[in-house]
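# Working through the structure, step by step
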There are 2 protein chains.
Amino acid sequence: MTEDRGPAKKPPMRDVLAEAAFGLFMERGFERTTVDDIVARAGVGRRSFFRYFPSKEDAVFPDHERCLADMTAFLEAAGDDDPVETVCDAARLVLRMYAVNPEFSVQRYRLTREVPGLRTYELSVVRRYERTLAGYLERRAAGAPDAALRAEVIAASVVAAHNNGLRSWLRSGGEGDAGAEVDRALELVRTVWGRAAERPAAAASEDEVIVMVAPKGAPMWRVVQRIESAFGGE
Amino acid sequence: MTEDRGPAKKPPMRDVLAEAAFGLFMERGFERTTVDDIVARAGVGRRSFFRYFPSKEDAVFPDHERCLADMTAFLEAAGDDDPVETVCDAARLVLRMYAVNPEFSVQRYRLTREVPGLRTYELSVVRRYERTLAGYLERRAAGAPDAALRAEVIAASVVAAHNNGLRSWLRSGGEGDAGAEVDRALELVRTVWGRAAERPAAAASEDEVIVMVAPKGAPMWRVVQRIESAFGGE
């Protein structure tokens, strides 16, 4: 996820274009910058731009396509671990992409909040991540009743939690530990949807625990009766 | 939510424009239809169109603004009920808007799947519903630790479940009971995030003693489900 750029190494054209584009967006605003302005600054022809980016919006988010490909590959290579843990780990790939360059990520976050077209673009990208995670979860739960529903709800939860953590970090100006923010947020999802949720019966045979809710001053005979009926009845 | 249109009553200009627009989109395709085509068919001037719709996309979804306003009003008027039940009810307002005119909703669903610009538009609208629900949940949980995180994750879950149910119904061609599809989907969210999850003990009556056997590491939703069935079943 890190980029090695030796001082003598010429950066790839794609990076040059993205950097020229972002610089202009920050200086002049996104709407007032044309593709012609961008290629002029990068010192290349107009067709070079469209070879790398389908649109101006894509140049603002140059790494999402690669990150989506990384996520897909990560999920394809995942083993039999808890699927919810796996999608949380997959979501962390997005965070890491942002965390590689905090200053750029924070500036872009601010730019995105000001330009409706970029917000919409971002929503589309987020939706693609969400569908990638949901697709994986559905395949893992294949055949289970409501597999698709469950997969979609869990994927939406993971994405919402991840973005909550990521946004906290971006709002703070990229200070502090982005990973810790996102871990804290994902913890809520893991607690609610983690593996035990998938096959509680298998886990139950392992180690039973009795959770009891009783009013203050409940008579012991009633407590004992309930414990007995809980064991006998189920 | 229903529209009363007597045979002798002239439909409002807004409806005339939306109908002309949609007819043309179905006949010629969304991209190949211009605003000039729409106003020509509706028999009005170009400025009339933009008085009602900021863009061509808005004419495809003429009722979302009103539905968002209805949702906001509904949430403002909501009492002390379980906030998760309340946001599920609020989400059902969207479903009802679709269910008013199944044929139109199904045609639009098919059109939207073919036109990237409409899909993006829809994502923006969905996001606005999600934020409206999250805002309400956060206000209800004000002061609680992680109120915003929790609100965002629950709102995302509600929206994902609602849309899963809505999509099932749309894919089936608008046959069957849309409400039942959505209720079934929302049930998953209610089980996991509903009030019982917040304070299970408070629901117990004075002399109740509840004994529950749960596997170690059981997810909260399953614990809650057990507690609920204990309350309901006894």
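Here the structure is a predicted model, which means the values were calculated and not measured.

All names here are of chain A. Within the secondary structure layout, tyrosine 121 lies in helix H8 (residues 116–140). On the accessibility criterion, tyrosine 121 (16% relative accessible area) is buried. Along the chain, tyrosine 121 and aspartate 58 lie 63 residues apart, while their C-alpha atoms are 8.2 Å from each other. Residues in contact with tyrosine 121, not counting those within four places in the same chain, are Glu57, Asp58 and Phe61.

Pairing of side chains with opposite charge becomes possible as their charged atoms draw close. All names here are of chain A. Per the stated rule, a full pass over the model turns up 24 salt bridges over all chains. Arginine 46 is the partner of aspartate 36 in a salt bridge, and the nearest nitrogen-oxygen pair spans 3.0 Å. Of this pair, aspartate 36 sits in helix H2 (residues 35–42) while arginine 46 is found in helix H3 (residues 46–52), placing the two residues 10 residues apart along the sequence. Of the residues examined, aspartate 36 reaches a relative accessible area of 44% and is grouped as partly exposed. A relative accessible area of 42% means that arginine 46 is categorised as partly exposed. Of the charged contacts in the structure, one is a salt bridge between glutamate 181 and arginine 184, with a shortest N-O distance of 3.6 Å. Linking glutamate 181 with arginine 184, this pair stays in helix H10 (residues 178–193), spanning 3 residues, or about one helical turn. On the basis of relative accessible area, glutamate 181 is assigned to the partly exposed category, the value being 24%. A cluster of three or more residues bridged by salt bridges with shared partners is formed by Glu85, Glu187 and Arg190.

Let us now look at the packing of helix H6 (residues 83–100) of chain B against helix H10 (residues 178–193) of chain B. All names here are of chain B. Look at H6 against H10: their axes get within 10 Å of each other, and the N-to-C directions meet at 155 degrees. Classified by the angle between their axes, H6 and H10 sit roughly antiparallel to one another. Both H6 and H10 take part in a crossing whose hand is right-handed. Contacts from Val84, Glu85, Cys88, Arg92 and Leu95 in H6 reach Ala178, Gly179, Val182, Asp183, Leu186, Val189, Arg190 and Trp193 in H10. Its residues assigned to classes, the contact of H6 with H10 comprises 8 nonpolar, 1 polar and 4 charged.

Scoring rules and cut-offs
- Residues numbered from 1 in each chain as written.
- Chains lettered and ligands numbered in written order.
- Predicted model: local features only at pLDDT ≥ 70, side-chain atom pairs only at ≥ 80, totals over all residues.
- Heavy atoms only, no water.
- Helix = DSSP H or I, 4+ residues; strand = E, 2+ residues; numbered from the N terminus.
- Buried < 20%, exposed > 50% of the residue type's maximum accessible area, 1.4 Å probe, protein only.
- Contact = heavy atoms within 4.5 Å.
- Salt bridge = Lys/Arg side-chain N within 4 Å of Asp/Glu carboxyl O.
- Axes fitted to C-alpha atoms, helices over the stretch in contact; angles between N-to-C directions.
- Parallel < 35°, antiparallel > 145°, perpendicular 65-115°, else oblique.
- Left-handed = near helix turned anticlockwise from the far one by under 90°.
- Nonpolar A, V, L, I, M, F, W, Y, C, P; charged D, E, K, R; others polar.

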